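Overview (structure and organization)
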Amino acid sequence: MTVVSRPADDVPVLRARGVDLVRDGRHLLQDISLTVNPGEHWALLGANGAGKSTLLSLLGAVTHPSRGVVEVLGRTMGRVDVRELRSYLGHINPRHTPDGPLRVRDVVLTGLTNTAAPVPRWTPTGQESERADRLIAMLGISHRARATWATLSQGERGRALIARALMPQPRLLLLDEPATGLDLAAREQLLASIDALRARHAALATVLVTHHLEELPATTTHAMLLRDGRCLAGGPVGEVLTSELVSACFDHPVRLVRSDDGRWAARAQRVPVAMPDEPAPATAERVPVAMPDEPAPATEVAVV
Ligand SMILES: Nc1ncnc2c1ncn2[C@@H]1O[C@H](COP(=O)(O)OP(=O)(O)OP(=O)(O)O)[C@@H](O)[C@H]1O
């Protein structure tokens, strides 16, 4: 195995060529090709089960392809130590659960060791601690830095996980449905944080998975539409995020609108829905029914 030195800045961050992933004899991904360059912000879109998270795992060097080649930061997967490669990747899973009753700042620091709990006898340097505080401030959660993880709201957790993923100064950030479970305000704050992050780190590349077009940050530059494990379209957002292609991707007629602030909204087009024939109203027949916890209705006894 080759030890991974700091990868060059001018190579594509990610390159997948003709990738298949087969599990239990089933193609979860088929013939996927994708190149992500520094500064590009990709959205992976598709219906439930289309293969988005599976593809993200491949791109994050978590899974190996059954066929084809995945190059992460110019290194071919299978030929390098993926643990070292992963230190250049920030993979954000909103379901990440820290191990133990950790405070937010400690969770953010575990981004350096890529572990669920602080590594025993490891202490961050002064610079690393300062970086954690700066990232926590950038994500707008300084007031919660000393709170325990369990007391955080879903939105605060989402932002803390981004800070955690940014600790090792990654070249690539992978975000798997980061807005899952957020209310409207928390979602908007999260998307604003992602936009600000992208503006501040011009060379950072990101890949964000979602099935809601409303959850795409305005700074999204490219998109790939996945359907049944295959790429339906991929490229600059202006070419891929069209009503026609998104309708084909979700197998449902959708009208896509991009507003002045750069965000997207999808409206399902009205389609006539055939209602099943309603059964003829039954003639009511009163039958005494015993309700739970109630005595059975008494049978009438004729008193003579
Ligand atoms: N390890 C595995 N073995 C077998 N099948 C799997 C495995 N992992 C995922 N799948 C299947 O692969 C398909 C794609 O799953 P994936 O989670 O990538 O979809 P997704 O597009 O992210 O869906 P969602 O939007 O619902 O999260 C699904 O049918 C899933 O059940």
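Cut-offs applied
- Residues numbered from 1 in each chain as written.
- Predicted model: local features only at pLDDT ≥ 70, side-chain atom pairs only at ≥ 80, totals over all residues.
- Helix = DSSP H or I, 4+ residues; strand = E, 2+ residues; numbered from the N terminus.
- Buried ≥ 20, exposed ≤ 12 C-beta atoms within 10 Å, placed from the backbone.
- Contact = placed C-beta atoms within 7 Å.
- Near = placed C-beta within 6 Å.
- Nonpolar A, V, L, I, M, F, W, Y, C, P; charged D, E, K, R; others polar.
- Pairing = 2+ DSSP bridges.
- Axes fitted to C-alpha atoms, helices over the stretch in contact; angles between N-to-C directions.
- pLDDT = per-residue confidence, 0-100.
- Domains from an automatic or database assignment.

The name an unreviewed UniProt entry gives the chain is ATP-binding cassette domain-containing protein, with Nonomuraea monospora as the organism.

Regarding the overall build of the chain
The helix and strand inventory of the chain stands at 8 helices and 12 strands. When the 304 residues of the chain are sorted by exposure, 34% land in the buried category. Partitioning the contacts of the chain with sequence separation of at least 6, the portion at a separation of at least 24 is 65%.

Regarding the site of the ligand
With respect to spatial proximity, the complete set of residues near the ligand consists of Arg23, Asp24, Leu28, Gly46, Asn48, Gly49, Ala50, Gly51, Lys52, Ser53, Thr54 and His211. Of the residues forming the shell around the ligand, the biggest block, 3 residues, is contributed by helix α1 (residues 52-59). Here the shell around the ligand is built from residues that sort into 2 nonpolar, 7 polar and 3 charged.

Describing the sheet that holds strand β10 (residues 230-236)
Taken in spatial order, the 6 strands of this open sheet run β6-β7-β8-β3-β9-β10, and their pairing is mixed. Looking at the sheet topology across the chains shown, the edges are occupied by β6 (89-92) and β10. Strand-to-strand twist across the sheet, computed as the mean angle between neighbouring axes with direction ignored, equals 15 degrees. Bridging between strand β3 (residues 41-45) and strand β8 (residues 205-210) involves 5 bridges; their strand directions are parallel. Opposite Leu44, over in β8, you have Val209 as the bridge partner.

Overview of the sheet that holds strand β4 (residues 67-72)
Sheet architecture is open: 4 strands sit in the order β2-β1-β4-β5, paired in antiparallel fashion. Looking at strand neighbours, the two that pair on one side only are β2 (26-36) and β5 (75-76), the edges of this open sheet. Across 2 bridges, the pairing between β4 and β5 is antiparallel. Bridging across to β5, Glu71 finds its partner in Thr76. Sheet strands in contact with α1 are β1 (14-23), β2 and β4, and its direction is about 125 degrees off that of β1.

Brief notes about helix α3 (residues 104-113)
For the α-helix, the turn length of 3.6 residues means that residues three or four positions removed from each other point alike. Most of α3 sits inside the fold, with 8 of its 10 residues counted as buried. Among the structural elements, α4 (126-138) and α5 (154-166) are those in contact with the buried residues of α3. Downstream of α3 by one or two residues, Asn114 has phi in the positive range, about 55 degrees.

Some remarks on the confidence of the model for the chain
Summing up the model confidence of the chain, the mean pLDDT is 84 and the portion of residues at 70 or higher is 87%. Counting contacts from residues 283-292, a segment whose pLDDT is below 50, to residues more than four positions away or on other chains yields 3 contacts. Every residue in residues 294-304 scores below 50 in pLDDT, and together they form 3 contacts with partners more than four places removed in sequence or on other chains. Across the whole predicted complex the pTM is 0.81, and at the interface the ipTM reaches 0.95.

Focus on the pairing of β10
Relative to β10, strand β9 (residues 222-227) is paired through 6 bridges, and the arrangement is antiparallel. Across the sheet, the residue bridging to Leu225 is Ala233, located in β10. Where β9 folds back on β10, the antiparallel hairpin that results is connected by 2 residues, among which Asp228 adopts a positive phi of roughly 50 degrees.

Some words on the domain arrangement of the chain
How large an interface is tends to be reported as the accessible area lost when its parts come together. What the domain assignment reports for the chain is domain 1 (8-88 + 171-272) and domain 2 (96-169). Here the C-alpha centroids of domain 1 and domain 2 sit 25 Å apart. Sorting elements by how many residues they give to the side of domain 1 that touches domain 2 places helix α6 (residues 184-200) first, with 4 residues.

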